[in-house]
Amino acid sequence: MIRRILLLMFLFGALKISAQNYDSLFTEFMDLKENQNSIVSTKSDSKPIKCAFGIHAEIKHNFDRFSTAQKNQLAKVLGRPSPSELPLTLDSPMGLFKLHYDTTNVFDKPGYDLNELAEAFDSSYNFQINVMGFDPPPSDNGLGGDNKIDVYIWHLGGDVYGFTEFDDSNNPNQFSAYIQMDNDYPAKSYYTSGINAAKVTAAHELHHVIQVGSYAYKSDDIFYHELTSTAMEEFVFDEVNDYYAYMGSYFRETRFPLTLSDGYESAVWNIFINEKLNKEFHGQKKGFEFIKRTWEILRGDYRAIEAIALSFTEFGLTFSNEFSDFGAWMYFTGARADTENYFSEGVAYPSISLSMDDEFIPPASAALALSTRAITLNYLQFTNIAEDPLDVIICVISNSDIVESIERPLGLLDVSYTLSQSDNNYFSKVTSSKKQFISEANIINNIQVTPFSSGSSDIGKIVFPQPFNYQKHINLIIPLENSDNSEVELIVFTPSMDVVYKNFHEVFGGTNPFIRWDAKKVNGEYLPSGVYIYSTKYDNSETIGKFVIFND
């Protein structure tokens, strides 16, 4: 049963739900709830459902689409446990959470220290709100007895760690929410047991509460909900590492789209974002800022992968380049780990699975054809047996086609790849009808080198987004050639050279500097639709460009 539920969560995150799928969703949800009432574990060889948020969220979000009979059955198992079921309460030390539990029923009796769990919830809140900067979730207006965040602790059955369920709301994308979590986490059913399992569940589920309360619920992007929450376990409770248990499937299948993963297995993406950006911006906490910014963009009419790409642009980076570098980082794990330059815990991660392994004998070229899906990584290994000692060459081919990942997530793109050697240098050629989305990272004898070739397009020096629309966009990103200045002057003109804006702006982006501007006049007024000319002055030099504003 667990494998079927997991498949459903994947399908509903990737595809629009049909009437037939609603029936399947109903059946699987009722099976899950029936299992909750069983004391027998359903632990199997398949990986556990870490969090049942996805299936609960889809049930709640689509409740009106079920039949009357189905609604009646769902109403009996949805919603908060009653005070008669969990009559005892404990407030967290900071007064932020209310834990509901029972000690008289052996079935539901907590098997770990609730005071320690209450402290873990407070720590999670402090880290995610006060350190990372996320907005606090909204009040539930006393639905659990007061305005604290409610946590219901009882037997969930099987190997579900917990889930977040949202309350009814007039806002279709934002909700108050509460948490349900298992009461004991026995070792026979969970990768991590007891209080450690409870602590990472607290960090994981709290971020779901924040997501659906202060940002947005995106039914098509369950993977990003889960990816962010699973990475949050590592950020808040670094010493537990329950997420290790889920990584293997993604490391084995990077040819399958990141956007169609279940999220638990691909939490490594946000861990990469955090560590890479902190390195790139010289120790500044830019990784957390990036993750928060992505969720801010998700409040608008964007898919998760679009929000990620827009965040990179605001940081003066490009999604294609960073996704390609992610592919290189993923190679340096396990026995190949380099914890100084890549993942700090990479030695504990699985080793990547190669897409292809072949011999290469110059002067002949190595040529192959492959098909890639959007937002995937392909690892090609060539062994140059003409060299002594042998050269082992890894070519990481990434596909960063965001539009295709949304419109045709399982679509295939044909790519031709050729590797050759001349004068002890390697050269490659990439051919594809969408070459602009194909990038290449290269590793020789476990050392990352400058790419032999690159089919990626660099939008880092282009004003973005274009055209700018006040209804869809927040900031205009204006790149700078080079600047060590902390701020630069931006002047904006009409085509007739009338000044409509003049002010100083902070410089962001490290080695790829840029400034942000909300495209409004100093007094906050919108600019009319049209073409504008801008000038940025810094370091005794001036850069001139243009952009377009379009208002609906």
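Scroll up to find the structure this text is about.
Residues numbered from 1 in each chain as written. Predicted model: local features only at pLDDT ≥ 70, side-chain atom pairs only at ≥ 80, totals over all residues. Heavy atoms only, no water.

Visitor: Can you walk me through the sheet that holds strand β8 (residues 376-384) in this structure?
Guide: Whether parallel or antiparallel, the strands of a sheet pair through hydrogen bonds between backbone atoms. Spatially, β6-β8-β9-β12-β13 is the arrangement adopted by the 5 strands of the open sheet, whose pairing is mixed. Strands at the two margins of the open sheet, each flanked by one partner only, are β6 (356-360) and β13 (447-449). Adjacent strand axes in the sheet meet at a mean angle of 25 degrees, parallel and antiparallel pairs treated alike. Sheet topology note: the strand β9 (residues 391-399)/strand β12 (residues 438-444) ladder contains 7 bridges and is antiparallel. (Pairing = 2+ DSSP bridges. Helix = DSSP H or I, 4+ residues; strand = E, 2+ residues; numbered from the N terminus. Axes fitted to C-alpha atoms, helices over the stretch in contact; angles between N-to-C directions.)

Visitor: How should I be thinking about the sheet that holds strand β10 (residues 413-422) in this particular structure?
Guide: Spatially, 3 strands are ordered β7-β10-β11 in an open sheet, and the strand pairing comes out antiparallel. Taken across any chain shown, the strands that pair with only one partner, and hence form the sheet edges, are β7 (366-372) and β11 (425-432). Each strand of the sheet is rotated relative to its neighbour by a mean of 20 degrees, with strand direction disregarded. Of the strand pairs in this sheet, β7 and β10 are connected by 7 bridges, and their pairing is antiparallel. Bridge pairing in β10 places A369 opposite S416.

Visitor: I tried to follow the pattern of salt bridges on my own but got confused; where do I start?
Guide: In total, this model carries 23 salt bridges according to the counting rule given. R293 serves as the salt-bridge partner of E314, at 2.7 Å between the closest nitrogen and oxygen. Of this pair, E314 sits in helix α11 (residues 304-314) while R293 is found in helix α10 (residues 286-298), placing the two residues 21 residues apart along the sequence. Taking the relative accessible area as the measure of exposure, R293 reaches 9% and is therefore buried. (Salt bridge = Lys/Arg side-chain N within 4 Å of Asp/Glu carboxyl O. Buried < 20%, exposed > 50% of the residue type's maximum accessible area, 1.4 Å probe, protein only.)

These figures capture arrangement, not role.
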